[in-house]
Amino acid sequence: MNDIDLPRLRPGFLWGASTSAYQVEGGWDADGKGPSVQDARTDHPEGTTDFKVASDHFHRYAEDVALLAELGLKAYRFSIAWTRIVPDGDGPENAAGIAFYHRLIDELLAHGIEPIVTMYHFDLPQALQDKGGWGSRATIDAFVRYAGILFREYGGKVRHWLTINEQNMMILHGATIGVSGEGSGDTQRDLYQQNHHMLVAQARAMALCHELLPQAKIGPAPNIVSVYPASSAPEDVLAAADFSAIRNWLYLDVAVHGRYNPTAWSYLVKRGIAPVFAEGDQTALAAARPDFIAFNYYFTHTVAAPTGSSADVGHTGDAGISIGEVGVFRAVRNPHLKTNAFGWEVDPVGFRATFREIYDRYRLPLLVTENGLGAFDTLEDGDVVRDDYRVEYLAEHIRQMQLAAGDGVDILGYCPWSAIDLVSTHQGAAKRYGFVYVDRDEFDLKELRRVRKDSFFWYQEVIARNGVPLP
Ligand code: BGP
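In this report, we go over the structure that sits alongside the text. None of these values were measured; they are calculated from a predicted model. (Residues numbered from 1 in each chain as written. Predicted model: local features only at pLDDT ≥ 70, side-chain atom pairs only at ≥ 80, totals over all residues. Heavy atoms only, no water.)

This part covers the overall build of the protein chain. Each helix and strand in the protein chain was counted, giving 15 helices and 17 strands. Taken against the 2.2 N^0.38 rule, which gives 23 Å for 471 residues, the C-alpha radius of gyration of the protein chain at 21 Å falls within 12% of a compact globule. Its C-alpha atoms give the protein chain principal-axis dimensions of about 55 × 55 × 45 Å. Residues classed as buried in the protein chain amount to 61% of the 471 residues present. Nonlocal contacts in the protein chain, meaning residues at least 24 apart in sequence, comprise 76% of its contacts between residues at least 6 apart. In the structure as shown, the protein chain presents an accessible area of about 17,600 Å², 52% of it carried by carbon and sulfur atoms. Across the protein chain, the centroid of the 43 positively charged side chains sits 4 Å from that of the 61 negatively charged ones. (Helix = DSSP H or I, 4+ residues; strand = E, 2+ residues; numbered from the N terminus. Rg over C-alpha atoms; globule rule 2.2 N^0.38 Å. Buried < 20%, exposed > 50% of the residue type's maximum accessible area, 1.4 Å probe, protein only. Contact = heavy atoms within 4.5 Å. Areas by Shrake-Rupley, 256 points an atom, 1.4 Å probe, with all protein chains shown as cover. Lys, Arg positive; Asp, Glu negative; His and termini not counted. Charge placed at Lys NZ, Arg CZ, Asp CG, Glu CD.)

Right under this line is the structure:
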């Protein structure tokens, strides 16, 4: 389908940008904050920083919010650190930590920026991890209690809530993200039991949100992408559908419909890794209803039929992440796509396809909570950062998002990653995504000065014009 006009985005479209607490805040033990699994990590690749200071947003949030207002943001998607609110995960509340997010939210509202809050973004309290983490059902109760505190405190100010960031990536690539470290001994069976507990926790949190805050909207925030077959061979088509069921629909079918996707469930059963349901789980899952679906999108996958040998595993599109599963699917490079500096395939048209696929399945409004380009930016004399490659990436994706809106997809907003530079989940501070450059190196913090990149001025115009022109 070719398009000639700029399709209209919905009135009040939420032009935004994203961050997460442990990647941007720093202040890792300030004001009574407890350690999270991210603070406890010791697996930072050589030459890359930890998260102790990050972008020091904890201390500079007012300056940062002023910049985001200048950028013209209508919304800012950030996460709350569970360990600031309840330092050990399930014990006493921490008034100073609660006060920090009141200050941040008030600052955003004072600048006319709508806060979009992720309740949990990869940073489980270490104290809960020590007690079994998501393998323990007690963590479900701890999460629901934590959710209740957030609704009580911020419910009068926050309209949009996200439950758990990229639960599917935590299960599929936990070691890389630092949530189930190397040598943790977690088997696939353990992981899918943990996954089930997270799904129950999410369902209960969504139900609680609707009960306490009837005006609020809440949804899941997985990483969802289209999966292409490598060819028109029926076996490739089937492998792509299998991987999509395991990677995408397992998570959204439960979140939206309260039941497991049949293909994903049969995969779990055949491998002997299906989770055990406790009494009440099915009711809790069935009772929850998200108001929208948030999703993160960076690249698509292309998949061929499995060979049944170890050759099925190992395609790596990103340093340290291998995908493919013996006898299930084999990931291949897509010859039609270029890659970025980190080997990630770049696929703007796939963004449009992904929008349509999700909307077609669930008919809920969609909110993009991440999309962006990691790159080694250079700060030039005169405080200039020429990130035209980022502008190109974002323009192409926004164009495809507009086309998806023209296809009939209901899109609430777009929050690219990231609002300002922050520390990558596993590739350090040199891998930058922000509209605002934060002047620090991996180990030299310098003055952490904020500098507007070229993409900042470009995005400012995009927001003002409510979109980009079609080519
Ligand atoms: C997503 C995470 C973010 C962020 C982003 C970029 O998976 O939700 O937290 O890290 O990916 O990834 P990276 O930092 O590995 O480049």
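Before going further, it helps to spend a moment on the site of the ligand. Every one of the 15 residues lining the ligand counts as a neighbour, but Gln23, Glu166, Thr425, Lys431 and Tyr433 are closest to it. A distance of 2.9 Å separates an oxygen atom of the ligand from a polar side-chain atom of asparagine 165. Separating an oxygen atom of the ligand from a side-chain N or O atom of histidine 426 is a distance of 3.4 Å. (Near = heavy atom within 4 Å. Polar contact = N/O pair within 3.5 Å; in protein donor to acceptor, adjacent residues only side chain to side chain.)

On to the sheet that holds strand 8 (residues 301-304), then. With mixed pairing, the three strands of this open sheet are ordered in space as 6-8-11. Each edge of the sheet is formed by a strand with only one pairing partner; in this case those strands are strand 6 (227-229) and strand 11 (330-331). Where strand 6 and strand 8 come together, three bridges link them in parallel fashion. What sits directly across from proline 229, in strand 8, is valine 303. (Pairing = 2+ DSSP bridges.)

Here we come to the packing of aromatic side chains. Enumeration over the complete set of coordinates arrives at 33 aromatic pairs. Each ring, one from phenylalanine 295 and one from phenylalanine 355, has its centre 5.3 Å from the other, and the planes form 85°; the classification is edge-to-face. Here the residue phenylalanine 295 occupies a position in strand 7 (residues 293-296), and phenylalanine 355 occupies one in helix 13 (residues 348-362), the gap between them amounting to 60 residues. Note on accessibility: phenylalanine 295 and phenylalanine 355 belong to one class, buried. Plain terms: the ring middles of tryptophan 458 and tyrosine 459 are 6.3 Å apart, the flat faces sit at 25° to each other, and that makes the pair stacked. For the pair tryptophan 458 and tyrosine 459, a shared accessibility class is recorded, and that class is buried. One aromatic cluster is present, formed by Phe13, Trp15, Phe295, Tyr297, Phe351, Phe355, Tyr414, Phe435, Trp458 and Tyr459 through successive ring pairs. The ring of tyrosine 359 carries arginine 363 above its face, with NZ or CZ at 5.9 Å from the centroid. (Phe/Tyr/Trp six-rings, centres within 6.5 Å; stacked < 30°, edge-to-face > 60°. Lys NZ or Arg CZ within 6 Å of the ring centre and 35° of its normal.)

The subject of this paragraph is the packing of helix 4 (residues 95-110) against helix 6 (residues 138-154). If you want to describe how two helices pack, look at the angle between their axes and the distance between the axes. Contact geometry for helix 4 and helix 6: axes closest at 11 Å, N-to-C directions at 45°. By the criterion of interaxial angle, the relationship of helix 4 to helix 6 is oblique. The chirality of how helix 4 crosses helix 6 is right-handed. Judged by residue contacts, Gly97, Ile98, Tyr101, His102 and Ile105 of helix 4 engage Ile149, Arg152, Glu153 and Tyr154 from helix 6. (Axes fitted to C-alpha atoms, helices over the stretch in contact; angles between N-to-C directions. Parallel < 35°, antiparallel > 145°, perpendicular 65-115°, else oblique. Left-handed = near helix turned anticlockwise from the far one by under 90°.)

Moving on: helix 13. Given a rise of 1.5 Å per residue, 15 residues ought to cover 21 Å, and the 22 Å separating the end C-alpha atoms of helix 13 matches this to within 8%. When we look at burial in helix 13, the residues that qualify are Pro348, Gly350, Phe351, Arg352, Thr354, Phe355, Ile358, Tyr359 and Tyr362. (Expected span 1.5 Å × (residues − 1).)

Time to look at the nonpolar core. Grouped together as the largest cluster of nonpolar side chains are 144 residues, with contacts concentrated most on Trp161 and Tyr459. Discounting residues that sit within four places of it in the chain, tyrosine 459 has contacts with Trp15, Gly16, Leu71, Leu73, Ile398, Tyr414, Pro416 and Phe435. If you look at the next biggest cluster of nonpolar residues, it comprises 10 residues, including Leu162, Phe292, Leu412 and Cys415. (Core = buried A, V, L, I, M, F, W, Y, C linked by side-chain atoms within 4.5 Å.)

The next thing to look at is the packing of helix 10 (residues 234-257) against helix 13. Where helix 10 meets helix 13, the axes come as close as 11 Å, and the angle between the chain directions of the two elements is 40°. For the element pair helix 10 / helix 13, the angle class is oblique. Viewed along their axes, helix 10 and helix 13 form a crossing whose handedness is right-handed. Contact residues: helix 10 offers Ser244, Trp249, Leu252, Asp253, Val256 and His257, while helix 13 offers Glu357, Ile358, Arg361 and Tyr362. Taken together, the residues that form the contact of helix 10 with helix 13 break down as five nonpolar, two polar and three charged. (Nonpolar A, V, L, I, M, F, W, Y, C, P; charged D, E, K, R; others polar.)

With parallel pairing, eight strands are arranged side by side in an open sheet as 5-4-3-2-1-15-14-7. Edge strands, defined here as strands with exactly one partner in the open sheet, are strand 5 (217-221) and strand 7. Recorded for the sheet is a direction-independent mean angle of 30° between the axes of neighbouring strands. For strand 7 and strand 14 (residues 366-370), the ladder comprises four bridges, and the chain directions are parallel. Along strand 14, the bridge assignment pairs alanine 294 with leucine 367. Taken strand by strand, helix 9 (residues 188-212) contacts strand 3 (114-120), strand 4 (160-165) and strand 5, and its axis lies near 165° from that of strand 5.

Let's shift gears to the pairing of strand 8. Burial of strand 8 is two-sided: the residues His301 and Val303 facing one way and the residues Thr302 and Ala304 facing the other way are all buried. Where strand 8 meets strand 11, two bridges bridge the pair, whose relative direction is antiparallel. Looking at the pairing, alanine 304 lines up with arginine 330 of strand 11.

For the structure shown, the criterion picks out 33 salt bridges. With a shortest N-O distance of 2.7 Å, glutamate 70 and arginine 452 are connected by a salt bridge. Here glutamate 70, found in helix 2 (residues 57-71), pairs with arginine 452, found in strand 17 (residues 449-452); they are 382 residues apart in sequence, far enough to count as distant. Assessed through its relative accessible area of 35%, glutamate 70 is described here as partly exposed. A residue is classified by how much of its surface remains accessible, and arginine 452, at 32% relative accessible area, is partly exposed. Ionic pairing is found between aspartate 421 and arginine 432, a salt bridge with its closest N-O pair at 2.6 Å. Note that aspartate 421 is positioned in the loop between strand 15 (411-414) and strand 16 (436-439) and arginine 432 in the loop between strand 15 and strand 16, a separation of 11 residues in sequence. Across the pair, exposure class does not vary: aspartate 421 and arginine 432 are buried alike. Overlapping salt bridges, with partners in common, bring together Asp377, Asp387, Arg390, Asp421, Arg432 and Lys453 in one network. (Salt bridge = Lys/Arg side-chain N within 4 Å of Asp/Glu carboxyl O.)

This is a description of form; function is not addressed.
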